[in-house]
Structure formats: C-alpha cells, structure tokens
Amino acid sequence: MIVTIVGAGAMARGVATIALAGGHTVRLVGRAQRNAESLAGELRQVAPDGDVSASDAIAVEDADLVVLAVPHPAGVELTASYGTALTGSVLVDISNPVGPDTLTVPPGTSAAELIAAEAAPGTPVVKAFNTVFAGTLLSGRVAGKPLDVLIAGDDEDGKGAVADLAEGGGLRPLDVGPLRRSRELEALQLLHMSVQDSLGLNWSSAVKILP
Ligand SMILES: NC(=O)c1ccc[n+]([C@@H]2O[C@H](COP(=O)([O-])OP(=O)(O)OC[C@H]3O[C@@H](n4cnc5c(N)ncnc54)[C@H](OP(=O)(O)O)[C@@H]3O)[C@@H](O)[C@H]2O)c1
C-alpha cells in the first residue's frame, strides 16, 4: 500500500516504522518540508531497504491510507482543506483530543467523528493507533507482547486496510466496532495518559486485551 503520513513528529515516526516493516511505501507530508525530509532520512537509516520519502501535500491524492499524525483539531482542519483530494483513500485518525486531564471535544462526539463530518464523500474514516504510545511503536512490543491496535470505523474495507497495516508491522489489530466507539477509545487513552506519572510508566505502557 501507499501510506501517506501527514505530520513529522513522534507518531509519524512510529507509524512509518510499522508501515516500512510491512513493506509499504511511506510518504511523509510535513508542515515544514525540512522536518519531513529529516524524518525520512532517519527512517532510511533504520530501514535501508524501505521506500520512504518526504512529499508535498499532493501525496494525499493517490494514497491508499492517509494517516493524520497531527494534533487535534489540526486533523479536522486539514481534512476540510484536502477535500476531494482524499476521495478513494482511507483516512486514519490517530489523535487524542486531550487537555489537562480532560477531553477537548464536546460530549457525545469524538475527534474521529468531527473529522468524518469534514471528509469528502468516498473517504472512509478509521480511528486507530490512538491507544499506543509513539515510543512503543518503534519495537512494536511491550512486556514481550505485540501491541494491540484498537480500530473503530464504519467501513469494513477501510478497517481491513488499517488492520493489514498493523499486522504487517507485527502488531495485533482488534476491531472494536463502529466509528462512534472512537469516543471510548479517546477516553480510554486519556485514562492511560493520566496514570503515567502515578504509576511511573514513563509513556512505555500499552493498552492490551488479554484472554
Ligand atoms: N505521542 C504519542 O505517544 C501519541 C500516541 C497516540 C496518539 N497520538 C496523537 O498523534 C498525533 C501526533 O502526536 P505526536 O506525538 O506525533 O506529536 P508531535 O511529535 O508534536 O508531532 C506533531 C506533528 O504535527 C504537525 N502539526 C502540528 N500542528 C499542525 C497543523 N496545524 N497543521 C499541520 N501540521 C501540524 C507538527 O508539525 P511541525 O513539525 O511543523 O511542528 C508535527 O510534525 C496527535 O493527535 C496525538 O494526540 C500521540
């Protein structure tokens, strides 16, 4: 697949690492081109055989997956500005709309649903990767076990493509239901974030469902 990642920060690095491990083509679209180029160079050193490059915003046009690795609400704004350029791609929202100890989206919705409201027709939105911390994506494992990637969305093919991305990178995809489940995924990660200090976890923990 062609996986375009919008953003050049910690989660862009993590999701790109997973995508390259699965043999996908990765394009990085940075707000500042030099940041995307710098990250692409770093990733080429880690995955010398990987196909990764910095691109301009046009790279969203022929992508199979477009991953919004930017803070909320930038993802909502970018979705509106890309418009029909996203048609035919699966749009992946990984954001956690959190402020100090609270969600920053109104009750009864989620960042993912706000993005879906702006997405052009033919652009399924999938929520995924928001419950994994960026640093843990580099190895894909915590406590010797593969990370769980909880996936919510209303489009089965879209969720399947995101599951393939996760699985190809050695992670365990779990379909948790329709896009409205993003409300619970975002609240779950707020909880996960809020216990980092008290439990001394240092952002290296994982949310995992065990039998
Ligand atoms: N960090 C985590 O462990 C983690 C875990 C799960 C989910 N998330 C979510 O992943 C997303 C990215 O987080 P991150 O940790 O990767 O953040 P980050 O390291 O700060 O990177 C954010 C990236 O977004 C870009 N950006 C910021 N505002 C933008 C705008 N208005 N338009 C376009 N690009 C913009 C930044 O551009 P510049 O390079 O120009 O600053 C940067 O490349 C967030 O929604 C976050 O909630 C993070």
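From a predicted model like this one, the values you see are computed outputs, not experimental measurements.

Q: Mind showing me how you'd approach the pairing of strand 12 (residues 172–177) here?
A: Within a regular beta strand, the side chains point alternately toward one face of the sheet and then the other, so they alternate between its two faces. Relative to strand 12, strand 11 (residues 148–153) is paired through five bridges, and the arrangement is parallel. By the bridge assignment, Leu 150 is partnered in strand 12 with Leu 174. Assessed by its sense of winding, the connection that carries the chain from strand 11 through helix 6 (residues 156–168) to strand 12 is right-handed.

Q: Even after reading the chapter, I still don't get the environment of Pro 100, so can you show me in this structure?
A: Here Pro 100 is to be found in the loop between strand 6 (98–99) and strand 7 (102–103). Remark: the alpha-carbon pair of Pro 100 and Pro 73, spanning 27 residues in sequence, is separated by 16 Å.

Q: How should the site of the ligand be read in this particular structure?
A: Surveying the vicinity of the ligand reveals 21 residues, the closest of which are Ala 8, Ala 10, Met 11, Val 70 and Ala 134. Here an oxygen atom of the ligand and a backbone polar atom of Ala 8 are 2.8 Å apart. Here an oxygen atom of the ligand sits 2.8 Å away from a polar atom, N or O, in the main chain of Ala 134. When the ligand sits alone it has 890 Å² of accessible area, and the protein chains cover 71% of it. Among the elements of the structure, helix 1 (10–21) and helix 3 (74–82) are those that each provide at least two residues to the shell around the ligand.

What counts as what
Residues numbered from 1 in each chain as written. Predicted model: local features only at pLDDT ≥ 70, side-chain atom pairs only at ≥ 80, totals over all residues. Heavy atoms only, no water. Pairing = 2+ DSSP bridges. Helix = DSSP H or I, 4+ residues; strand = E, 2+ residues; numbered from the N terminus. Right-handed = clockwise from strand over helix to strand, strands pointing away. Near = heavy atom within 4 Å. Polar contact = N/O pair within 3.5 Å; in protein donor to acceptor, adjacent residues only side chain to side chain. Areas by Shrake-Rupley, 256 points an atom, 1.4 Å probe, with all protein chains shown as cover.

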